[in-house]
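Examining the three-dimensional arrangement
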Amino acid sequence: MQAFTQLNGLVAPLDRANVDTDAIIPKQFLKSIKRSGFGPNAFDEWRYLDQGEPGMDNSKRPINPDFVLNQSRYQGASVLLTRENFGCGSSREHAPWALEDYGFKVIIAPSFADIFFNNCFKNGMLPIVLKADVVDGLFNQVSVTEGYKLNIDLSAQTITTPAGEVHPFEVDAFRKHCLLNGLDDIGLTMQQQDKIKAFELKHQQAQPWLFN
Amino acid sequence: MAKTLYDKLFDSHVVTEENGTALIYIDRHLVHEVTSPQAFEGLRLAGRKPWRISSIVATADHNTPTNGWDKGLSGIADPVARLQIETLSDNIREFGAKAYFPFMDSRQGIVHVVGPEQGATLPGMTVVCGDSHTSTHGAFGALAHGIGTSEVEHVMATQCLVQKKSKTMQVVVNGILGKGVTAKDVALAIIGKTGTAGGNGYAIEFAGSVIRNMSMEGRMTLCNMAIEAGARAGIIAVDDTTINYVKGRPFSPKADQWEAAVAYWNTLHSDEGAAFDATVTLNAEDIQPQVTWGTSPEMVVGIDGKVPSLEMAKNEVQRGDWERAYAYMGLTPNTLISDIQIDKVFIGSCTNSRIEDLRAAAAIAKGKHIAPNVKLALVVPGSGLVKAQAEQEGLDKIFTEAGFEWREPGCSMCLAMNADRLASGERCASTSNRNFEGRQGQGGRTHLVSPEMAAAAAVAGHFVDVRDLS
Ligand code: SF4
């Protein structure tokens, strides 16, 4: 996994609550057996005017000019600013894959759906929870400032605005450690093999029917 | 100290714990074709093998067609979908599984219908699957939740999951449900009350007399929708209803293990006085048949209600959501729900495709016919075994005589990955669980209801109160 330490990134605002993973990456693209290449279909139904199917040449498709991420001022954004319960619905990890492939490294919202939140960390992305009024303030600043960037520092756990305002954020210590060092979970868990085997043995003695 | 059921299930699976982050052991891993190929590929690249093959039960469901089975795999017109289904078979052949029900097997079906039906879901288990509706299995007093594909790979390789303990919420529904009010209506009423983010960070335990009196199938419907309230896991205490359901299934404990298993299972309930982080209470008598009007399951009202108007929105953000929902759904505020005409009907999905669901829908459809404005009414059983049972009871005949199509099992129009889908602008009464934009087909408009309400809408051509029929 790629490490995440610090980012000074252009911010794109997606001013909707309850953005679900079906919207982030529609079901027809889940037929792929690969884990890359989903970026051009991130937010497919909002982003294009036609109906997207796998295998299309996305560069030739009609763009929806009303969709915020299509505005020229947000091209190259790596920070997504959005509203509560982002990533709700399906557990599809294709959603963070698509956002990451699109170029987002950080997502800021007042709250996230649990499974999506968890999936982000597995893909070197940092979801950040800020209070609703702070998020509101950021939305206001983004809308009036072309080229609005935020500086995100994971080890210090801070977001710094262009005006120098600092917003601290919380992150779980274990996840932070993995993200800062780009550590692969499976490798880490494998170091506990002996404990897993010991647990398994005890568990099997207590509930042998689980091992039929 | 008095423990909640969630605490008991979590604590009994902790392999090791450090600073609140635990490694928990996974007893059952359910696998389907959409969220597993990248996980198997990861194992292959790293030269890893599954830790315990006997924990894996797999089936193909999301992508499989619901008709044209006589042509076999070659009947799947979409080559990308076919490849994904074949890839699952290849992967299971290479890595192994306790059981695999491939496309067209007589026991194939929606993974959350198949697991319990086979006795592969048991009380006290930890159950995971790369699918958010894994919460369904919590109906058995199991700790069950959806995981992402990276975690699918992690569980395969290590039999464990890295987890932090959730907070606990108790949802209590007391009283007696009125005629025509089902587990689905209870689930939607709860979500209407908590909101779709209300359960974020929580495991929900459903309790109260309504749940105690519910069948296992109803309990599965309820736990299935826990994720729509934002909770990864929904759980229900074990009782005789649970134990009677589990008894005699193919993977249930054998005779010599049965008594020990039951003795343990009988401890799987929250202790008297156990503390929850939050409690929500509903009265059964207040719950009517529910219909969603918008693009989130929380946008729901009773059948005698109306599409709410903007003044009722709680804040600016919700006002924006509602405005977008009106536009997408093609509805205006204050429209009576019973005035909403439908184009299609879908009876199926892991929420409502079990035998009791089909019986209930058939009872409404019997001797009637779908309305002329209903272009398609699909009945998609949850599994091959549900289908066989329904056919034995003659339910297929009731449906086809009433103008419904009787299909092969799978996820079908719940997520419209296969050919079953809504065209843009079409409106559907659906027994599934998500009414998100585009969920049943780009531009499609979904209204979530119970099987009874879906069948009644099919016959009337618009939503009607099932309680007024008969
Ligand atoms: S029926 Fe629908 S919700 Fe259930 S597993 Fe299939 S796609 Fe997911």
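Going by an unreviewed UniProt entry, chain A carries the name 3-isopropylmalate dehydratase small subunit and comes from Methylotenera mobilis. Regarding chain A, the relevant UniProt record gives this comment under Sequence similarities (unreviewed entry): "Belongs to the LeuD family. LeuD type 1 subfamily." For the record of chain A, the UniProt heading Subunit (unreviewed entry) holds the text "Heterodimer of LeuC and LeuD."

**What to know about the overall build of chain B**
Looking only at helices and strands, chain B features 15 helices and 19 strands. For chain B, whose C-alpha radius of gyration is 21 Å, the value lies close to the compact-globule estimate of 23 Å for 470 residues. C-alpha extents for chain B along the principal axes are approximately 55 × 55 × 45 Å. Looking at chain B as a whole, 69% of its 470 residues qualify as buried. Long-range pairs, those at least 24 residues apart, make up 76% of the contacts in chain B between residues at least 6 apart in sequence. Carbon and sulfur atoms provide 51% of the accessible area of chain B, an area that totals close to 15000 Å². Computed over 43 positive and 53 negative side-chain charges, the separation of the two mean positions in chain B equals 2 Å.

**A look at the pairing of strand β10 (residues 202–207) of chain B**
All names here are of chain B. Within β10, six of the six residues are buried, which leaves the element mostly enclosed by the surrounding structure. By the alternation rule, side chains of β10 split into Y202, I204 and F206 and A203, E205 and A207, which are all buried. Note that strand β9 (residues 167–174) and β10 share six bridges and pair parallel. Opposite T168, over in β10, you have A203 as the bridge partner. Pairing of β10 with strand β11 (residues 233–235) involves three bridges; the strand directions are parallel. The partner of A203 across the bridge, within β11, is A233.

**Things to note about the UniProt feature "domain: Aconitase A/isopropylmalate dehydratase small subunit swivel" (unreviewed entry) in chain A**
UniProt records the feature "domain: Aconitase A/isopropylmalate dehydratase small subunit swivel" (unreviewed entry) for residues 1–132 of chain A in the present numbering. In this annotation, residues 1–132 of chain A is assigned 20% helix and 16% strand; the end-to-end C-alpha distance for the span is 31 Å.

**Here we look at the sheet that holds β10(B)**
All names here are of chain B. Across the sheet, four strands lie side by side as β11-β10-β9-β12; this open sheet has parallel pairing. The outermost strands of the open sheet, each flanked by one partner alone, are β11 and β12 (278–283). Each neighbouring strand pair of the sheet contributes to a mean axis angle of 20 degrees, computed without reference to strand direction. When β9 meets β12, the two strands line up parallel, connected through six bridges. Its bridge partner being in β12, V171 is matched across the sheet by V280.

**Side note on the pattern of salt bridges**
Applying the stated criterion across every chain yields a total of 38 salt bridges over all chains. With its nearest N and O atoms 3.7 Å apart, the salt bridge here joins R52(B) to E200(A). Taken as a pair, R52(B) in the loop between α2 (37–46) and β4 (56–59) and E200(A) in helix α8 (residues 193–206) lie in two separate chains rather than in one. With respect to burial, R52(B) and E200(A) carry one shared label: buried. Note that R212(B) is salt-bridged to D239(B), the shortest N-O span being 2.9 Å. Residue R212(B) is located in helix α7 (residues 209–212), and its partner D239(B) is located in the loop between β11 and α9 (240–246); the two are separated by 27 residues in the primary sequence. In this structure R212(B) comes out as partly exposed when scored by relative accessible area, which is 32%.

**Quick word on the packing of aromatic side chains**
Per the stated rule, a full pass over the model turns up 22 aromatic pairs over all chains. With a centroid separation of 6.4 Å and 85 degrees between ring planes, the pair formed by W209(A) and W265(B) is classed as edge-to-face. Here W209(A), found in the segment after α8, pairs with W265(B), found in helix α10 (residues 255–265), and the two come from separate chains. For the pair W209(A) and W265(B), one class covers both residues: buried. Judged by centre distance (5.4 Å) and plane angle (70 degrees), the ring pair of F399(B) and F404(B) falls under edge-to-face. Relative accessible area serves as the criterion here: at 0%, F399(B) is assigned to the buried category.

**Considerations on the layout of surface pockets**
Volume-wise, the second largest pocket comes out at about 390 Å³. What lines the second largest pocket is a set of 17 residues, and nearest its centre among them are F174(A), L188(A), Q192(A), E18(B) and T21(B). If you list the elements that add at least two residues to the lining of the second largest pocket, you get α6 (173–181) and α7 (185–190) of chain A together with β1 (14–18) and β2 (21–25) of chain B. The residue makeup of the lining of the second largest pocket, split by class, is six nonpolar, seven polar and four charged. Inspection of the lining of the second largest pocket shows a minimum of three residues originating in each of domain 1 (4–180) and domain 2 (183–211) of chain A.

**With respect to the site of the ligand**
All names here are of chain B. Close to the ligand lie H62, I110, H112, D131, H133, S349, C350, C411, C414, L415, N433 and R439, which account for all nearby residues. Judged by the proximity of its atoms to the pocket grid, the ligand belongs to the largest cavity. Taken together, the residues that form the shell around the ligand break down as five nonpolar, five polar and two charged.

**Things to note about the domain arrangement of chain A**
Each domain of chain A was delimited in the assignment, giving domain 1 (4–180) and domain 2 (183–211). Relative to domain 2 of chain A, the C-alpha centre of domain 1 of chain A lies at a distance of 35 Å.

**Details of the packing of helix α6 (residues 183–194) of chain B against helix α8 (residues 216–224) of chain B**
Residues and elements named next belong to chain B. Direction vectors running N to C along α6 and α8 enclose 25 degrees, while the axes themselves pass 8 Å from each other. Looking at the two axes, α6 sits roughly parallel to α8. Viewed along their axes, α6 and α8 form a crossing whose handedness is right-handed. From α6, A183, K184, V186, A187 and I190 reach across to α8, where they touch G218, T221 and L222.

**Some remarks on the pairing of strand β3 (residues 106–109) of chain A**
Each regular strand carries side chains that alternate between the two faces of the sheet. All names here are of chain A. Judged by which residues are buried, β3 turns out to be covered on both faces: V106 and I108 on one side and I107 and A109 on the other are all buried. The pairing of strand β2 (residues 79–82) with β3 spans three bridges and is classified as parallel. Residue V79 lies in a different strand from β3, and its bridge partner there is V106. Running through helix α3 (residues 94–102), the crossover from β2 to the neighbouring parallel element β3 is right-handed. When β3 meets strand β4 (residues 126–129), the two strands line up parallel, connected through four bridges. Across the sheet, I107 pairs through a bridge with P127, a residue of β4. Considered for its hand, the β-α-β crossover made up of β3, helix α4 (residues 114–121) and β4 is right-handed.

**Considerations on the interface of chain B and chain A**
Counting residues at the interface gives 76 residues for chain B, matched by 60 residues for chain A. Of the roughly 5700 Å² buried where chain B meets chain A, counting both sides, 54% is carbon and sulfur surface. Counting the surface chain B buries against chain A, the share from its top three residues, Q38(B), W51(B) and Q442(B), is 13%. Scanning the region where chain B abuts chain A turns up seven salt bridges. Here R35(A) makes a salt bridge to E153(B), at a shortest N to O gap of 4.0 Å. At the junction of chain B and chain A, the tally comes to 31 residue pairs in polar contact (both at pLDDT 80 or more). For the side of chain B that touches chain A, the elements supplying multiple residues, two or more each, are β1, β2, α2, α3 (79–95), α5 (149–158), β8 (160–164), α10 and α11 (316–329) of chain B. Ranked by residues supplied to the side of chain B that touches chain A, first place goes to α5(B) with seven residues.

Conventions and cut-offs
Residues numbered from 1 in each chain as written. Chains lettered and ligands numbered in written order. Predicted model: local features only at pLDDT ≥ 70, side-chain atom pairs only at ≥ 80, totals over all residues. Heavy atoms only, no water. UniProt positions renumbered as here; feature names shortened; annotations may be inferred. Helix = DSSP H or I, 4+ residues; strand = E, 2+ residues; numbered from the N terminus. Rg over C-alpha atoms; globule rule 2.2 N^0.38 Å. Buried < 20%, exposed > 50% of the residue type's maximum accessible area, 1.4 Å probe, protein only. Contact = heavy atoms within 4.5 Å. Areas by Shrake-Rupley, 256 points an atom, 1.4 Å probe, with all protein chains shown as cover. Lys, Arg positive; Asp, Glu negative; His and termini not counted. Charge placed at Lys NZ, Arg CZ, Asp CG, Glu CD. Pairing = 2+ DSSP bridges. Axes fitted to C-alpha atoms, helices over the stretch in contact; angles between N-to-C directions. Salt bridge = Lys/Arg side-chain N within 4 Å of Asp/Glu carboxyl O. Phe/Tyr/Trp six-rings, centres within 6.5 Å; stacked < 30°, edge-to-face > 60°. 1 Å grid on protein atoms, 1.4 Å probe; cavity = no way out; pocket = protein on both sides within 12 Å on 5 of 7 lines; lining within 4 Å. Points joined across faces, edges and corners; volume = space filled by probe spheres on them. Nonpolar A, V, L, I, M, F, W, Y, C, P; charged D, E, K, R; others polar. Domains from an automatic or database assignment. Near = heavy atom within 4 Å. Sits in = over half its atoms within 2 Å of the grid points. Parallel < 35°, antiparallel > 145°, perpendicular 65-115°, else oblique. Left-handed = near helix turned anticlockwise from the far one by under 90°. Right-handed = clockwise from strand over helix to strand, strands pointing away. Buried area = accessible area lost by both parts, 1.4 Å probe. Polar contact = N/O pair within 3.5 Å; in protein donor to acceptor, adjacent residues only side chain to side chain.

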